[in-house]
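# Architecture at a glance
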Amino acid sequence: MRYPLRRLAAVSTLATAGVLLLTTGVASADPSIGEGVGSFGKDVTPAEISINILWVVIGAALVIFMQAGFALVETGFCRAKHAAHVVSTNFAIFGLGFVAFFLVGFGIAFGGYTHTIGADAVPIFGGLADGSVSNFTTAIGKSVVNIEGFGGLFSFAPPALGSRGYDVAVVAFFLYLAAFMDTVATIPTGSMAERWKWKSFMGWGLFCGAIYFPIFACWTWGGGWLNQLGNNFDLGNGYVDFAGSGVVHAVGGVAALAGAIVIGPRKGKYGPNGEVNTLPGHHIPMAMLGTFILLFGWFGFNAASTFAATDPRFSVVAVNTALAAAFGAVSSILYIMFKTGKPDPGMMANGMLAGLVAITAPCAFVQPWAAAVIGTIAGVLVVVSIGFVDKRLKIDDPVGAFSVHGVNGLFGVLCVGLFADGRYGAGWNGTGNALAEPLGPAPTGLLYGETGQLIAQLIGAAVICTVMFGLAFAFFKIQNAVTKGGIRSDEADEIAGLDLPEMGVLAYPEFAPFDSVVPSYGHAAAGTGTRPGEGAAAPTAVPASVGGPTGAPEAPPETPAGRK
């Protein structure tokens, strides 16, 4: 049966490629296709301003809901003895990153941002001449390090949305970008799962929200030097990333890689002779449900990045997002069937996520056929990358975080420079005349005759791979050196499961031997109110001898006399 499945997968793959090639020819034959889609007037009414702000807030809510998806995906792909720990990192990262971004990070990232220079450089929140409704025409802070002819390196604004931050447009923008920052922060929780000390994890959450994400956001969406490569060096529209393949996913992905390298592989992952062992996740349905939640939230991630419901281009963005997700899932299914003879549920989930990550940067600038091609490539790329990282590099990434977000995030960044058709985004990044007729150029890729945009994207990708990876690696190395015992959990705790030693509770207490569930306080308590040192033993880890990946005993413990 194995070989017929391989033949079926091969035939299906060739058929899909053929359809895509035919579609490519049709789409390219008529240069008028899509022309004018996504344009909207500059004179926005107060009602439209309110609708646009509502659009951004709803998008932010969808992106925040993606944290539930990440929590389910990562917890399902990890072993049950660590489930409470893994899901708690995904829960807590929202608060840790959000607090740090509110107090410090937002001002660093967007202190110099206005609607005339930044992520899109159009008056999305208004533009009323009397100033009665905010239009983000004045920065909330300033660019404190700005090299003439090169661009901004560092911005500053009063902390905690002080001064001009108390504004309807600014706070909506803050909420949306805070949700994006939390996505960056949560990506390493997957690559470092099952062996990360809780206090060390908390340090990462604060660092990411205050420093790590804001630096690259300042250079790109905040109007910094990468953003201005078009104006200063005539490289297309500068670094272009519509919704964050690079600014969010690749930046988080390289941090995930750095953290996995510093913390090292899980116990038992690699044998003494270099053999690679599988440490299977405990709940595949949970992970796949999380993937569906992420797919749903991604429409807020991408479509709401128009920052305006009055910009009809959001329909193109939404369709491209769905296409890349679908083609990514299908291509990963076909490829893994070709390689192994069977579909792998974990790989098909990662294939869908890879398609979503890859389309996030180019989603507004490419035609639907290109979105399908991007998703197809991403679905195969993630499978190849996971195998390479796991088997060749010997880097233990339990959920494939680097391959999904890092590799495909970088791929998505480059896709802007390859597939952008030049029909949307005139004056992007303030290139040329952003707010006056005639508008400046729109992002145009190599397939449409322009090389400058691809060079700008390559520069951005190189910065992510060097500067941002180096910054994350330095943080984890320094943290590991200054933390007593390092950032990794104790070996005995890791082997037994981090739930009791780190969190004080078991995710699945019914699977544990009765004598291992000893805390009589907190969630595990039976309502006694007793705390450690007050007649109850401190939490202890489940013995490693307990069988099964969930920590379930080989046989039910004997019921003591008198217990029912």
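Here goes a summary of the coordinates provided. The residue numbering used here restarts from 1 in each chain and proceeds along that chain's sequence as written. For this predicted model, a pLDDT threshold of at least 70 governs which residues receive local features, and a threshold of 80 or more governs which side-chain atom pairs are given and counted, while totals over whole chains, interfaces and linings are taken from all residues. Water and hydrogen atoms were dropped before computing side-chain values, which therefore reflect all heavy atoms in the structure.

Once that is clear, we can look at the packing of helix 4 (residues 168-186) against helix 6 (residues 198-219). Where helix 4 meets helix 6, the closest approach of the two axes is 10 Å, and the angle between their N-to-C directions is 125°. Taken together, the axes of helix 4 and helix 6 lie oblique to each other. Of the two possible hands of crossing, helix 4 and helix 6 adopt the one that is right-handed. In this structure, helix 4 uses L177, M181, V184 and A185 to contact helix 6, whose residues at the interface are W204, C208, G209, Y212 and F213. Partitioning the contact of helix 4 with helix 6 into residue classes produces eight nonpolar, one polar and no charged. The angle between two axes is taken between their N-to-C directions and runs from 0 to 180 degrees, where each axis is a line fitted to C-alpha atoms and a helix contributes only its stretch in contact. Only DSSP runs of H or I covering at least 4 residues are called helices, and only runs of E covering at least 2 are called strands; the numbering of each starts at the N terminus. Roughly parallel means an angle under 35 degrees; roughly antiparallel means over 145; roughly perpendicular covers 65 to 115; every other angle is labelled oblique. For any pair of crossing helices, the crossing counts as left-handed if the nearer helix is rotated counterclockwise from the farther one by less than a right angle, and right-handed if it is rotated clockwise. Note on definitions: a residue-residue contact is assigned when non-hydrogen atoms from the two residues lie within 4.5 Å. Throughout this entry, Asp, Glu, Lys and Arg are counted as charged residues, while Ala, Val, Leu, Ile, Met, Phe, Trp, Tyr, Cys and Pro are counted as nonpolar. The remaining residues, Gly among them, count as polar.

With that out of the way, let us pick up the layout of surface pockets. Computed over the protein atoms alone on a 1 Å grid, cavities are sets of points where a 1.4 Å probe fits but cannot get out and pockets are open sets with protein on both sides within 12 Å along at least five of seven lines; a residue lines them when it has an atom within 4 Å of a point. Grid points are joined across faces, edges and corners, and a volume is the space filled by probe spheres set on the points. As a volume, the largest pocket reaches approximately 790 Å³. For the largest pocket, the lining is made up of 32 residues, of which T278, D344, M347, I386 and D390 are closest to its centre. If you list the elements that add at least two residues to the lining of the largest pocket, you get helix 10 (314-340), helix 11 (345-359) and helix 12 (368-392). Per-element tally for the lining of the largest pocket: the top contributor is helix 12, with seven residues. Taken together, the residues that form the lining of the largest pocket break down as 15 nonpolar, nine polar and eight charged.

Once that is clear, we can look at the pattern of salt bridges. Salt bridge criterion: a side-chain nitrogen from Lys or Arg within 4 Å of a carboxyl oxygen from Asp or Glu. What the rule picks out here adds up to six salt bridges. Here D390 ties to K269 by a salt bridge, and the two come within 3.2 Å at their closest N and O atoms. Placement of the pair is D390 in helix 12 and K269 in the loop between helix 8 (245-263) and helix 9 (284-302), with a sequence separation of 121 residues. Per residue, the accessibility class of D390 equals that of K269, and both read buried. Counted as one network, the salt bridges with shared partners bring together R79, E194, R266 and D396. Relative accessibility decides the category of a residue: with a 1.4 Å probe and only protein chains considered, values under 20% of the type maximum give buried, values over 50% give exposed, and everything between is partly exposed.

This next bit is on the packing of helix 12 against helix 13 (residues 401-419). Put simply, helix 12 and helix 13 touch, their axes get as near as 9 Å, and they point 145° apart. For the pair helix 12 and helix 13, the crossing hand works out as right-handed. Contacts between helix 12 and helix 13 involve W369, A370, V373, I374, I377, A378, L381, V382, S385, I386 and V389 from the first element and F402, S403, V404, V407, N408, F411, C415 and F419 from the second. Residues belonging to the contact of helix 12 with helix 13 are distributed by class as follows: 16 nonpolar, three polar and no charged.

Before going further, it helps to spend a moment on the side chain of K269. The class for K269 is buried, based on a relative accessible area of 6%. Whenever two N or O atoms come within 3.5 Å, that pair is a polar contact, provided that in protein one can donate a hydrogen and the other can accept it, and provided that, for residues adjacent in sequence, both atoms are side-chain atoms. Within the structure, K269 has its side chain in polar contact with the side chain of D390 (distance 3.2 Å). Every residue in contact with K269, bar those within four places of it in the chain, is listed here: E275, V276, N277, L279, D390 and D396.

That's the geometry; what it means functionally is another story.
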